[in-house]
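Here's the letter readout for the chains.
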Amino acid sequence: MSASKTVRKVEVLSPVPADIDIANSVVPFHISEIAEDLNLSPKHYDLYGKYKAKVLLSVLDELEGSGDGYYVVVGGITPTPLGEGKSTTTVGLCQALGAFLDKKVVTCLRQPSQGPTFGIKGGAAGGGYSQVIPMDEFNLHLTGDIHAITAANNLLAAAIDTRVFHESTQSDKALLNRLCPPNKEGKRSFSDIMFRRLKKLGISKNTPEELSPQEVKKFARLDIDPTSITWRRVMDVNDRFLRKITVGQGPEEKGMVRETGFDISVASEIMAVLALTTSLADMRERLGKMVIGNSKAGDPVTADDLGVGGALTVLMKDAINPTLMQTLEGTPVLVHAGPFANIAHGNSSIVADKIALKLAGPGGFVVTEAGFGSDIGTEKFMNIKCRYSSLTPQCAVIVATIRALKMHGGGPEVAAGKPLDRAYTTENVSLVEAGCVNLARHISNTKAYGVNVVVAVNMFATDSEAELNAVRNAALAAGAYDAVVCTHHAHGGKGAVDLGIAVQKACENVTQPLKFLYPLDISIKEKIEAIARSYGASGVEYSEQAEKQIEMYSKQGFSGLPICMAKTQYSFSHNAAEKGAPTGFSLPIRDVRASIGAGFIYPLVGTMSTMPGLPTRPCFYDIDLDTATGKVIGLS
């Protein structure tokens, strides 16, 4: 008998229908059945309709003393623009473990941004017979977490410009009087959040009347340098025309015009805070510590200095709870947070993983996905996420495809929306073997963390046995614990059973402790250079702006934070056209920014955009609603 009561046997069709058609062909279990299977009682979750629920953090308190399951992270080789099926492999592996190998398993995935969903990449619910359902809800509004992040981010943006505006027209005393208005008895007092600023300034007074003129000035005047403001507004669609804007052009703003721009919501620091927080209290502190720019004296200005940290937490209070969903075959999924991987740290939340590990329990499995290639997603998973979570993975899966390896071996360009060149649909073993240098570097980099590495070769119908054998042999030669061919896209969990067995053995036979790529107590530059070496770089070039920012963050006391590289996902280097495993290049650091609340420094490598644009023919051309049934059609 299966470990799960909610296992669903899905009849697979060939050829594989469209993802949305497969998703719509299945009636999901009521989410309370999925919750019950995890031993969650109704007091542990809030229902969001029939097929989604928010799991409450109180579960962690109740299960504090119980053991954890095995912890598995899924990364990939350097992908093509078409994606190599990493989310599909994550889901397929979990369906194999839960529906076919009788293991207790929880999948932990990021929530997709609507940018790619309506843009070039499509949704991120997996694909074929290995996906999360309801697929349309997963890819669209879900439970509103990204909307909460958007609202919180933009509230802070409004607070910044408003404060600069009001400080420009008022004296110190007038500012104090308006910040601390008299109550009905005519007495002025500090609000709770103001005591955080007073403490930061070293002022131990309890009422506004006690402040000296110098203390009034220090307390009431943030004196923000408009040129130092790094906080931008966000929205969750791709809109290239908002990358650079001017604000303050209304006549009431009295000439307070400045240049700024929009990022996509999933690039907001608040998203990174959600993903890296460990509790509600921790989230409150992180949101309050977010730095938006500097004063004219060079001191960092935070959300709490602006008096808005508490309000941000109120907007985020429900978003901190992970969303429970299910796979096609009825295994449980926790969807939570969705930071971009090439800009932010590209991993779902710590709280979701912690809850999942307790619910899976000893002998069970939690499989979490790290965005893009392992040079980006898995590196950040290990050096940022595991540092803050204190969790240790036993196994790392690296997803590879023949298609991507041929590209790395010198095959023609692969572009979304264009037919694949014949090189990718006919046998060419030598091209595959040449491209395995990319796989080999990902394996050696990932093994260095002390985990066992299993390669999952995501098979396509045009792949030959000789090509698949070449990848398996190259993976084992490079030090992989195992390498397994998978057909979960076409066959669901049944197509990933061998992968499930390999992952189980890898977890049971891990022998080393977790090792980080760099210690935190070295300089910002030394940390950047350690990561650059893992890419194959021989050195790092810093722009004048990057040098200035590194000096400033070091002076402000932020040099002890981990590093989150913002770079292209299409190459180990900064140049997306450099395939394979390039070496000897110099990595250019254009700028260095800080997400102090989230807890990392992020260097911008080459030209990285934090607001994607739409292609000529976006995915939204195919998306519509069947008005007779109310079902979404055309999502991919």
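Predicted model only: the values in this text are computed from it and were never measured.

The rules behind these values
- Residues numbered from 1 in each chain as written.
- Predicted model: local features only at pLDDT ≥ 70, side-chain atom pairs only at ≥ 80, totals over all residues.
- Heavy atoms only, no water.
- Axes fitted to C-alpha atoms, helices over the stretch in contact; angles between N-to-C directions.
- Helix = DSSP H or I, 4+ residues; strand = E, 2+ residues; numbered from the N terminus.
- Parallel < 35°, antiparallel > 145°, perpendicular 65-115°, else oblique.
- Contact = heavy atoms within 4.5 Å.
- Nonpolar A, V, L, I, M, F, W, Y, C, P; charged D, E, K, R; others polar.
- Salt bridge = Lys/Arg side-chain N within 4 Å of Asp/Glu carboxyl O.
- Core = buried A, V, L, I, M, F, W, Y, C linked by side-chain atoms within 4.5 Å.
- Buried < 20%, exposed > 50% of the residue type's maximum accessible area, 1.4 Å probe, protein only.
- Polar contact = N/O pair within 3.5 Å; in protein donor to acceptor, adjacent residues only side chain to side chain.
- 1 Å grid on protein atoms, 1.4 Å probe; cavity = no way out; pocket = protein on both sides within 12 Å on 5 of 7 lines; lining within 4 Å.
- Points joined across faces, edges and corners; volume = space filled by probe spheres on them.

### So, the packing of helix 4 (residues 86-100) against helix 20 (residues 497-508)
Two elements in contact, helix 4 and helix 20, have axes whose closest approach is 8 Å; the angle formed by their N-to-C orientations is 85°. In terms of orientation, helix 4 and helix 20 fall into the roughly perpendicular class. Of the residues in helix 20, those touching helix 4 at Thr89, Leu93, Ala96, Leu97 and Phe100 are Val497, Leu499, Gly500 and Val503. Counted by class, the contact of helix 4 with helix 20 contains 7 nonpolar, 2 polar and no charged residues.

### A closer look at the pattern of salt bridges
Taken as a whole and judged by the stated rule, the model has 29 salt bridges. Measuring nitrogen to oxygen at the nearest pair gives 2.9 Å for the salt bridge that ties aspartate 161 to arginine 233. Within this pair, whereas aspartate 161 is found in helix 7 (residues 145-169), its partner arginine 233 is found in strand 7 (residues 233-235), the two being separated by 72 residues in sequence. Of the charged contacts in the structure, one is a salt bridge between lysine 525 and glutamate 547, with a shortest N-O distance of 2.7 Å.

### Looking at the nonpolar core
By size, the foremost hydrophobic cluster in this structure holds 86 residues, and its most contacted members are Leu40, Leu156, Ile224, Trp231, Met316, Leu324 and Leu334. Aside from chain neighbours lying at most four places away, what touches tryptophan 231 is Asn153, Leu156, Ala157, Ile160, Arg258, Thr260, Ser268, Glu269, Ile270, Met290 and Ile292. One finds Ala537, Val540, Ala546 and Leu587 within the second-largest nonpolar core, a separate group that totals 27 residues.

### As for helix 14 (residues 350-360)
Of all 11 residues that make up helix 14, 10 are buried, and the element is covered over most of its length. Within helix 14, burial applies to Ile350, Val351, Ala352, Asp353, Ile355, Ala356, Leu357, Lys358, Leu359 and Ala360. Structurally, the start of helix 14 carries an N-cap: the backbone nitrogen of alanine 352 is 2.9 Å from a side-chain oxygen of serine 349.

### As for the layout of surface pockets
Here the second largest pocket is characterised by a volume of approximately 980 Å³. The wall of the second largest pocket is formed by 46 residues, among which Ser228, Ile229, Thr230, Trp231 and Arg593 lie closest to the centre. At the level of secondary structure, the elements contributing two or more residues to the lining of the second largest pocket comprise strand 9 (258-260), helix 11 (269-276), strand 11 (291-294), helix 22 (544-555), strand 20 (586-595) and strand 21 (600-605). The element that contributes the greatest number of residues to the lining of the second largest pocket is helix 22, accounting for 7 residues. Its residues assigned to classes, the lining of the second largest pocket comprises 18 nonpolar, 15 polar and 13 charged.

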